[in-house]
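A closer look at the structure
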Amino acid sequence: MEEKLKNRGLKVWFDQESQGNLAEDAMRRGIRASKCYLLFLSKTVFEGAVRMELETALQEEKPVLLVHESDPDRFGFDTISNYIKSAPDAAKHLFRETESMPFQRRHY
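Quick caveat: nothing in here was measured; it's all calculated off a predicted structure.

1. Details of unusual backbone geometry
For Glu61, which is not glycine, the phi torsion reads 55 degrees and is therefore positive. Within the fold, Glu61 resides in the loop between helix 3 (49–59) and strand 2 (64–69). Judged by its relative accessible area of 70%, Glu61 falls in the exposed class.

2. Side note on the packing of aromatic side chains
Two measures describe an aromatic ring pair: the distance that separates the ring centres and the angle between the ring planes. According to the stated counting rule, one finds one aromatic pair in the structure shown. A ring pair is formed by Phe40 and Phe103, whose centres lie 5.4 Å apart and whose planes are at 70 degrees; its orientation type is edge-to-face. Pair noted here: Phe40 is in strand 1 (residues 37–41) and Phe103 is in strand 3 (residues 101–103), with a separation of 63 residues, a long-range link. For Phe40, a relative accessible area of 26% corresponds to the partly exposed category. The buried category is assigned to Phe103, whose relative accessible area is 10%. The aromatic ring of Phe75 is capped on one face by Lys43, whose charged end is 5.3 Å from the ring centroid.

3. Topic: the confidence of the model for the protein
In the predicted model, the protein carries a mean pLDDT of 88, and the fraction of residues at 70 or more is 93%. Within the protein, the lowest mean pLDDT, 85, falls on helix 1 (residues 2–7), and the highest, 96, falls on helix 5 (residues 93–97).

4. Section: the nonpolar core
Counting residues in hydrophobic clusters, the biggest one holds 15 residues, and the most contacted among them are Leu39, Leu41, Phe46, Leu54 and Val64. Among the secondary structure elements, those contributing two or more residues to this core are strand 1, helix 3, strand 2 and helix 5. The leading source of residues in this core is strand 1, at three residues. Apart from the residues within four sequence positions on either side, Phe46 is in contact with Leu39, Leu41, Arg51, Leu54, Tyr83, Ser86, Ala87, Pro88 and Phe95.

5. Describing the environment of Thr44
Locating Thr44 in the fold gives a position in the loop between strand 1 and helix 3. Thr44 sits in the partly exposed class, given a relative accessible area of 43%.

6. Let's talk about helix 3
Count 3.6 residues to each turn of an α-helix, and residues three or four apart come out pointing the same way. Every buried residue of helix 3 is accounted for by Met52, Glu53, Leu54, Thr56 and Ala57. Looking at the buried residues of helix 3, the elements they touch are helix 2 (24–33), strand 1, strand 2 and helix 5. Two residues or fewer after helix 3 comes Glu61, characterised by a positive phi angle close to 55 degrees.

7. Digging into the side chain of His68
Along the chain, His68 turns up in strand 2. Classification of His68 by relative accessible area gives buried; the value is 15%.

Quick notes on the rules
Every chain begins its residue count from 1, and numbering advances along the sequence as written. Per-residue local features of the predicted model are confined to residues with pLDDT of at least 70, and side-chain atom pairs are confined, for both listing and counting, to 80 or more; whole-chain, interface and lining totals are unaffected and use all residues. Working from all heavy atoms in the structure, the side-chain values ignore hydrogens and water. Helix and strand definitions here come from DSSP, where helices need a minimum of 4 consecutive H or I residues and strands a minimum of 2 consecutive E residues; each element is numbered from the N-terminal end. Only protein chains enter the area calculation, which uses a 1.4 Å probe; residues under 20% of their type maximum are buried, those over 50% are exposed, and those in between are partly exposed. Only centres within 6.5 Å qualify two rings of Phe, Tyr or Trp (six-membered ring in Trp) as a pair; their planes then separate them into stacked at under 30 degrees, edge-to-face at over 60, and tilted for everything else. Here, over-ring charges are defined by two tests on the NZ atom of lysine or the CZ atom of arginine: distance to the ring centre within 6 Å, and angle to the ring normal within 35 degrees. Confidence per residue, as judged by the predictor, is encoded in pLDDT with a range of 0 to 100. Among buried residues, those of type Ala, Val, Leu, Ile, Met, Phe, Trp, Tyr and Cys that are joined through side-chain atoms within 4.5 Å constitute a nonpolar core. The contact definition used throughout considers only heavy atoms, calling two residues in contact when any of these lie within 4.5 Å.

Put into structure tokens, the structure is as follows:
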């Protein structure tokens, strides 16, 4: 996803680019400096640091873009209803207010 966005000329901050564990304050700074927050929905998306990142994006009133795994054969695939169930209460409104875009891979 990051590569696809960069190939389209967008500047992307990706928390996985850092060596080792990224400190929480560095993640918050990255989100605050961003114009929007892209949340890639997968089975375990709301576990761990992503929950804090999403809360930061919501507190900073960043637009949140939802993208979901669309291939049911992929490990991370889950149903939208399960994403909604597992979402933090403060984020459940996102599923009412915006539509999740399917992530589609090109099969060569």
